[in-house]
Amino acid sequence: MYAVKSVAGAMGLGLIGFYLGLGIVAILRWLFGYPDPWGGEINIIGGWVLGVFLWLMGIGMWGQWGREWFGLKTYQRNLPGWQRYFTFNTDHKVIGIQYLVTFMVVFFLAGALAMLMRAELAQSGNQFLSNGQYNGTMGLHGILMVAVAVAAVIGGIGNYAVPLMIGARDMAFPRLNALTFWLVPPVAVGLLATPFLGGIEHGWTAYPPLAIRTNSAQVLFSLSIITFGLTSILGALNFIATIIYMRAPGLSWGRLPIFVWSMFATSWVALLYTQGFAAALFLVLLDRLGFSFFDPATGGDPLLYQHVFWFYSHPAVYIMVLPGFGLALELIAHFSRKPLFAYKYAVAAFLGILGLSGVVWAHHMFTSGMPNYLHGPFLVATELISVPTGLIFLSALGTIWLGRLWLKPPMLFALAVIFNFACGGVTGIFLADVPTDIHLQDTYFVVAHFHYTIVGGEIFALFAAIYYYFPKMTGRMYSERLAKLHFWWMFIGFNATFFLMHLPGIKGMNRRIADFQSELDPLNFTISLAAFFLGASFLVFIWNMVYSWVRGPVAEANPWRVRTLEWQTTSPPPHENFPSIPVVRGGPYDYGVPGSIHATFPSAPSAGFAGAPAGGGQ
Amino acid sequence: MALATAHQEAAHAPAYNHLAINRAGLWLFFFSETILFGLLLSARFYLEGIHREELNQFLGLLITIVLLLSSVTAYTAETAIEHDNKKVGSWYLFFTILLGLIFAGGVAFEWSIAHFHRSESFGSVFFTMTGVHATHVVTGVFMLILVWAQALRGRYGSKNAWPVSAVVMYWHFVDVVWVFYYPALYLTK
Amino acid sequence: MRKPMQTGLIVAAILAVLTITEYLFATHVDDDLIRFLGISVSAVGKAALIVYYFMHIYRLWRPQEAH
Ligand code: HEM
Ligand SMILES: [Cu+2]
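This structure is a prediction, so every number in the text was calculated from the model and none was measured.

S.K.: How should the coordination of the iron atom of ligand 1 be read in this particular structure?
M.R.: Octahedral metal centres with six donors ideally show angles of 90 or 180 degrees, and tetrahedral centres with four donors ideally show 109.5 degrees. All names here are of chain A. On the protein, His449 (NE2) is the one donor atom to the iron atom of ligand 1, at 2.1 Å. The distance between the iron atom of ligand 1 and the copper ion (ligand 2) is 4.6 Å. Along the polypeptide, His449 turns up in helix H16 (residues 444–474).

Dropping the structure here:
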């Protein structure tokens, strides 16, 4: 088995690199006359860098890329079947599935941690977890879920669908694409190793001074996130170049499917802001090594961290939710069998959010002690974002209006995105208003808000996309009954859990704490029950996916009778997607417009639909 | 519909302009890096205002001139290779490497004589900014050495200048960063 | 090849002049605002020269190779 050998070899190399890095740093320290060559954390940093590098080289980057730097010939190995998924494969469809499966696993793992937290929170006092263990569980849940939210839709669905939708054979930089995926396993290993060093104590936000003083798990956390940031940035770069340069002939900007537009806006956000998280954690690492950015005693300022961190992490919420919006609009148009309402305004809204996302970050810092004169501007800027967000809503509602809704599982999830996000957006306004936020900051109200936006807005969209693309990706169909069961189960469980969570928040129950006042017991017990109910819904999903992937009935090329390009090729698509590059002749959503077609395929020998117009208006 | 099928273009693959795509990718990378360097620059003013500790002004000016000069040699190398003048190209790549090493050495020397420590906030920003920048310089030197080795074997010419152009562009970018870092670190009051 | 080489030398000369200007502003001007403006304008000028003439940013929107 080549794949097994290659992964095992790469892991071995990575481990050797890690120890080599530890040693090299120790030798350097010794050469420079430090009293303790074994500095501890600085050695880990050296080990991480070398370990990740050798891991990448081992997994296939050397053969396909590295050799080129020295003027040698590169080679490629195209393995059959499942082995593709375990090698440095440059096919965007393979990479999309790699991302998707990896992050679904991470999602369920982090979900299990949430169940553990809810078990602890079902009752006041400590039952299962000590305070320290609770912190570690909460921090790991938070950061893993942030990783899922940032990468599952972009890396999974984006990679899979964008090149297909724009009629390209692959991404602009296929090897870079594979690189971004193969950086993920070290990140996962790093984060999952944190409990062994004492656990993440500071939540996903890693504020100093705690982040400076806490245990060495912080170092793994920072290194993993910096690496993950690199993945995000390189992926974004790839999407932008792909969308600008690889569109099929005739696919003008005005004909671009809305999901592609949302990926375009998202990618700019990721490209320009991800530096903030990486830089903030880099400075934390330096402070742990004796620098003084955040220690007021020696001229530093902990607020600097919050500024740099939120400079990324507010835009990050748009990295999470914009592709979700894009998917929701896309699916709503297809399953309402109507042209997308106000397409141009929706595009403008995506670009508007892109523009505004960088100037609102301090709404997370209203109670931090930053200067008061900053409150007003950041309040206003934050609420301004509701304007473009509202446009997206109107576009969705206008499309549904008088449409012939086809309530298939993807459509159900897409509609739920609109409903859930409305709740999340409304609670956002209370948080953006300084007078209310001063009371709500750091309570369960915030937790409810961001779960409504991220789970309700993005994770629901992710499931919509999975149910939409499953037949395309696997060539098989899932059980629609189970999918609908999953939908209603998840929808009810989600709303019960997170709607109720607002209430203890309003009463002042702090987030991130294992214990609470006993008067909140009944409420928290109910929330925990609802959360377990929500958690159980995913078992249906897992069963349905695994069973159908193996045993499901064979799917048609275009089971949803949709016009966009990814459905005009076989399921699953062949290696380079299309027998010939399509020529786009009209918009993607002109359902019911007589005589309209989206694209034609110039005749290619041997293709089933050679020369046939594809995606007619039906 | 019949109308549309009647007008079939011949089967063809769109001729992607690979050079343009590569170039755009590199620029996107620069945009992203700009934010990183910009954040560090902002952190410097956020923490310290325009306060600065005493630095060796002569050394600062010298390494600045060295780095600017290396950009000129890099430009010369790239232009030469684009015009198939392989010999001049390799020599100037070599000069660029040399100047880059002198710059890195200058920074290292500055570090060794600095009278402030990393545990003071000016020390923190100074060592971080120069350190991150110098890391980019050293990476650039490594990449220059790689293309230089190929250039010596005559691998690049007007048809195939992109690897040289890419490394040289990166080199200029690192230079542009220093154009801002030098005054921010050495020339404030 | 002579023409682009000449351009390079001219740009190099301007860069040198701007660097010296910057340095003189820093050492000889006491007014905070003027010093700040002098240094910033020189720095932005230098960056613009490098980005345009050395990094050929215009090739982004005029992709054909200029020889
Ligand atoms: C309708 C627009 C939105 C507004 C006005 C808004 C406003 C806010 C405000 C003011 C806070 C700070 C609360 C506090 O800590 O006191 C906040 C927190 C948060 N929001 Fe939003 N938000 C909006 C949309 C979103 C979206 C779309 C997402 C993600 C997809 C999101 C995710 C988050 C997260 C993760 C936090 C908490 C971060 C933390 O402290 O760990 N928000 N929101
Ligand atoms: Cu925010």
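S.K.: Would you explain the site of ligand 1 in this entry?
M.R.: Residue and element names in this part refer to chain A. Taken together, 20 residues surround ligand 1, and among them Trp204, Asp437, Gln441, His449 and Arg511 come closest. One of the side-chain nitrogen or oxygen atoms of Trp204 is found 3.0 Å away from an oxygen atom of ligand 1. In this structure, His449 approaches ligand 1 through a side-chain N or O atom, which is 2.8 Å from a nitrogen atom. In terms of residue class, the shell around ligand 1 is made up of 10 nonpolar, eight polar and two charged.

S.K.: I would appreciate a short explanation of helix H3 (residues 92–121) of chain A in the present structure.
M.R.: Residues separated by three or four positions in an α-helix point in the same direction, a consequence of the helix having 3.6 residues per turn. Between its terminal C-alpha atoms H3(A) stretches 42 Å, which fits the 44 Å expected from 30 residues at 1.5 Å a residue. Capping the start of H3(A), Asp91(A) holds a side-chain oxygen 2.9 Å from the backbone nitrogen of Lys93(A), two or three residues further along.

S.K.: Looking at this structure, I do not really get the packing of helix H6 (residues 162–186) of chain B against helix H2 (residues 32–54) of chain C. What am I missing?
M.R.: To describe two helices that pack against each other, one gives the angle between their axes and the distance between the axes. At a minimum axis distance of 9 Å, the contact between H6(B) and H2(C) shows a crossing angle of 175°. On the basis of their axis angle, the class for H6(B) and H2(C) is roughly antiparallel. Of the residues in H2(C), those touching H6(B) at His172(B), Asp175(B), Val176(B), Val179(B), Phe180(B) and Pro183(B) are Ile39(C), Ala43(C), Val44(C), Lys46(C), Ala47(C), Ile50(C), Val51(C) and Phe54(C). In terms of residue class, the contact of H6(B) with H2(C) is built from 11 nonpolar, one polar and two charged.

S.K.: It is not clear to me how the packing of helix H4 (residues 131–165) of chain A against H16(A) should be interpreted in this structure. Could you clarify?
M.R.: All names here are of chain A. Two elements in contact, H4 and H16, have axes separated by 10 Å at closest approach and are oriented at 35°. Remark: the crossing between H4 and H16 carries left-handed chirality. Here Tyr134, His141, Val148, Ala149, Ala152, Val153, Ile157, Tyr160, Ala161 and Met165 of H4 lie close against H16, whose contacting residues are Tyr444, His451, Ile454, Glu458, Ile459, Leu462, Ala465, Tyr469, Lys472 and Met473. Its residues placed into classes, the contact of H4 with H16 shows 16 nonpolar, two polar and two charged.

S.K.: I'm lost on the coordination of the copper ion (ligand 2) in this one. Help?
M.R.: All names here are of chain A. Protein ligation of the copper ion (ligand 2) involves His314 (ND1), His363 (NE2) and His364 (NE2), the donor distances falling in the range 1.8 to 2.0 Å. Each donor residue of the copper ion (ligand 2) belongs to the same chain, and together they define the spacing H-x48-H-H. On the accessibility criterion, His314 (6% relative accessible area) is buried. Taking the relative accessible area as the measure of exposure, His363 reaches 12% and is therefore buried.

S.K.: Can you walk me through unusual backbone geometry in this structure?
M.R.: Generally, phi is negative for residues other than glycine and the peptide bonds are trans, each holding for most cases. Residues and elements named next belong to chain A. Following Pro208, the chain continues into Pro209 via a peptide bond in cis, with omega recorded as 5°. Here Pro209 shows up in the loop between helix H6 (184–193) and helix H7 (210–213). Residues Ser571 and Pro572 are joined by a peptide bond in cis, for which omega reads -15°. Inspection of the secondary structure assignment puts Pro572 in the loop between helix H18 (521–551) and strand E1 (583–584). For Leu402, which is not a glycine, the phi torsion comes out positive at approximately 60°. Looking at Leu402, the relative accessible area reads 76%, which means it is exposed.

S.K.: Hey, could you run me through the packing of aromatic side chains in this one?
M.R.: Describing an aromatic ring pair means giving the distance of the ring centres and the angle of the ring planes. Summed over all chains, the structure comprises 89 aromatic pairs over all chains. With centroids separated by 5.0 Å and ring planes inclined at 80°, the aromatic side chains of Phe413(A) and Phe487(A) adopt a geometry described as edge-to-face. One end of the pair, Phe413(A), is in helix H14 (residues 409–432); the other, Phe487(A), is in helix H17 (residues 480–506), with 74 residues separating them in the sequence. Seen from their ring centres, Phe37(B) and Tyr181(B) are 5.8 Å apart, and the 75° between their planes marks the pair as edge-to-face. Of this pair, Phe37(B) sits in helix H2 (residues 18–48) while Tyr181(B) sits in helix H6, placing them 144 residues apart in sequence. Just as Phe37(B) is buried, Tyr181(B) falls in that class too.

S.K.: Would you take a moment to explain the environment of Val260(A) for this structure?
M.R.: Residues and elements named next belong to chain A. Along the chain, Val260 turns up in helix H9 (residues 258–288). Along the primary structure Val260 and Ile243 are separated by 17 residues, whereas in three dimensions their C-alpha atoms are 7.7 Å apart. Among residues more than four places away in sequence, those in contact with Val260 are Met165, Ile166 and Ile243.

S.K.: How should I be thinking about the pattern of salt bridges in this particular structure?
M.R.: Residues and elements named next belong to chain A. Scanning the entire structure with this criterion turns up nine salt bridges over all chains. The closest approach of N and O atoms between Arg29 and Asp36, which form a salt bridge, is 3.4 Å. When its relative accessible area of 15% is taken as the criterion, Arg29 is described as buried. Relative accessible area serves as the criterion here: at 35%, Asp36 is assigned to the partly exposed category. Between Lys408 and Glu480 there is a salt bridge, with the nearest N and O atoms lying 2.9 Å from each other. On the criterion of sequence distance, the pair formed by Lys408 in the loop between helix H13 (386–400) and H14 and Glu480 in helix H17 is long-range, its members being 72 residues apart. Lys408 sits in the buried class, given a relative accessible area of 16%. Relative accessible area serves as the criterion here: at 27%, Glu480 is assigned to the partly exposed category.

S.K.: Looking at this structure, I do not really get the environment of Trp560(A). What am I missing?
M.R.: Residues and elements named next belong to chain A. Locating Trp560 in the fold gives a position in the loop between H18 and E1. By relative accessible area, which is 3% here, Trp560 ends up buried. Here the alpha-carbon distance between Trp560 and Pro471, two residues 89 residues apart in the chain, equals 9.8 Å. Excluding residues within four positions of it along the chain, Trp560 makes contact with Phe335, Arg337, Trp406, Lys408, Pro410, Tyr467, Tyr468, Pro471, Met477, Tyr478 and Trp567. Separated by 2.9 Å, the side chain of Trp560 and the backbone oxygen of Tyr468 make a polar contact.

S.K.: Teacher, can you tell me more about a nonpolar patch on the surface here?
M.R.: Taken together, the side chains of Leu13(A), Ile16(A), Leu20(A), Ile24(A), Ile27(A), Leu28(A), Trp30(A), Leu31(A), Phe32(A) and Tyr34(A) define a hydrophobic patch exposed on the protein surface, amounting to about 1,100 Å² of accessible area. Structurally, the position occupied by Trp30(A) is in helix H1 (residues 2–31).

S.K.: Is there a simple way to explain the interface of chain A and chain B in this structure?
M.R.: Many structure descriptions define interface size as the accessible area lost when the parts assemble. Contact residues are listed per partner, giving 48 residues for chain A and 42 residues for chain B. Summed over both partners, the interface of chain A with chain B comes to about 3,700 Å²; 70% of that surface belongs to carbon and sulfur atoms. The largest share of the area that chain A buries against chain B comes from Tyr245(A), Gln275(A) and Phe291(A), three residues that together contribute 14% of it. At the boundary of chain A with chain B, the tally comes to zero salt bridges. Counting the contacts that link chain A with chain B gives nine residue pairs in polar contact (both at pLDDT 80 or more). At the level of secondary structure, the elements contributing two or more residues to the side of chain A that touches chain B comprise helix H8 (217–245), H9, helix H10 (302–336), strand E2 (597–600) and strand E3 (613–616) of chain A.

S.K.: Would you mind showing me how to read the nonpolar core here?
M.R.: A general feature of soluble globular proteins is that nonpolar side chains tend to end up buried together. Residue and element names in this part refer to chain A. With 285 residues, the main nonpolar core has Phe103, Ile157, Ile258, Phe460 and Phe463 as its most contacted residues. Sorting elements by how many residues they give to this core places H10 first, with 22 residues. Residues lining this core come from more than one domain, with at least three contributed by each of domain 1 (1–74 + 82–88) and domain 2 (95–362 + 377–423 + 439–551). In contact with Ile258, other than residues within four places in its own chain, are Gly326, Leu329, Glu330, Leu340, Tyr343, Ala346, Val347, Phe350 and Tyr589.

Rules used in this analysis
- Sequence order as written defines residue numbering, which begins from 1 separately in each chain.
- Each chain gets a letter, beginning with A, and each ligand a number, beginning with 1, in the order they are written.
- Local features in a predicted model are, by the rule used here, given only for residues with pLDDT of at least 70; side-chain atom pairs are given and counted only at 80 or more, and totals for whole chains, interfaces and linings are based on all residues.
- As a rule here, side-chain values come from all non-hydrogen atoms in the structure, and water together with hydrogens is ignored.
- Coordinating donors are taken to be N, O and S atoms lying within 2.8 Å of the metal, or within 3.2 Å when the metal is Na, K or Ca; because water is excluded from the atom set, some sites may appear incomplete.
- Each helix is a run of DSSP H or I of at least 4 residues and each strand a run of E of at least 2, with the numbering of both proceeding from the N terminus.
- Any residue with a heavy atom lying within 4 Å of a molecule or strand is counted as near it.
- Here a polar contact means two N or O atoms within 3.5 Å. Within protein one must be a hydrogen donor candidate and the other an acceptor candidate, and residues neighboring in sequence count only if both atoms are side-chain atoms.
- Residue classes follow a fixed rule: Ala, Val, Leu, Ile, Met, Phe, Trp, Tyr, Cys and Pro count as nonpolar, while Asp, Glu, Lys and Arg count as charged, and any other residue, Gly among them, counts as polar.
- In this scheme, a helix's expected span is set at 1.5 Å multiplied by one less than its residue total.
- To obtain an axis, a line is fitted to C-alpha atoms, over the contacting stretch when the element is a helix, and the angle between two such axes runs from 0 to 180 degrees between their N-to-C directions.
- For this classification, under 35 degrees means roughly parallel, over 145 means roughly antiparallel, 65 to 115 means roughly perpendicular, and everything else is oblique.
- Contact between two residues is taken to exist if any of their heavy atoms lie within 4.5 Å; hydrogens are not considered.
- If you view the pair so one helix is near and one far, a crossing is left-handed when the near helix is turned anticlockwise from the far one by less than a right angle, and right-handed when it is turned clockwise.
- Between buried and exposed lies partly exposed: a residue is buried under 20% and exposed over 50% of the maximum accessible area for its type, with that area taken using a 1.4 Å probe on protein chains only.
- Two rings from Phe, Tyr or Trp (for Trp, the six-membered ring) form a pair when their centres are within 6.5 Å of each other. A pair whose planes differ by under 30 degrees is stacked, one over 60 is edge-to-face, and the rest are tilted.
- Here, a salt bridge means any side-chain nitrogen of Lys or Arg that lies within 4 Å of a carboxyl oxygen of Asp or Glu.
- Nonpolar side chains (Val, Leu, Ile, Met, Phe, Trp, Tyr) within 5 Å and like charges within 9 Å form the patches, drawn only from residues with over 30% relative accessible area and no salt bridge.
- We get accessible surface area from the Shrake-Rupley algorithm with a probe of 1.4 Å; when it comes to residues, only the shown protein chains can shield them.
- Here the quantity called buried area is the accessible surface, traced with a 1.4 Å probe, that two parts lose on coming together, added over both.
- Only buried residues count toward a nonpolar core. Its members are Ala, Val, Leu, Ile, Met, Phe, Trp, Tyr and Cys residues joined through side-chain atoms within 4.5 Å.
- Segmentation into domains, and thus their bounds, comes from an automatic or database assignment.

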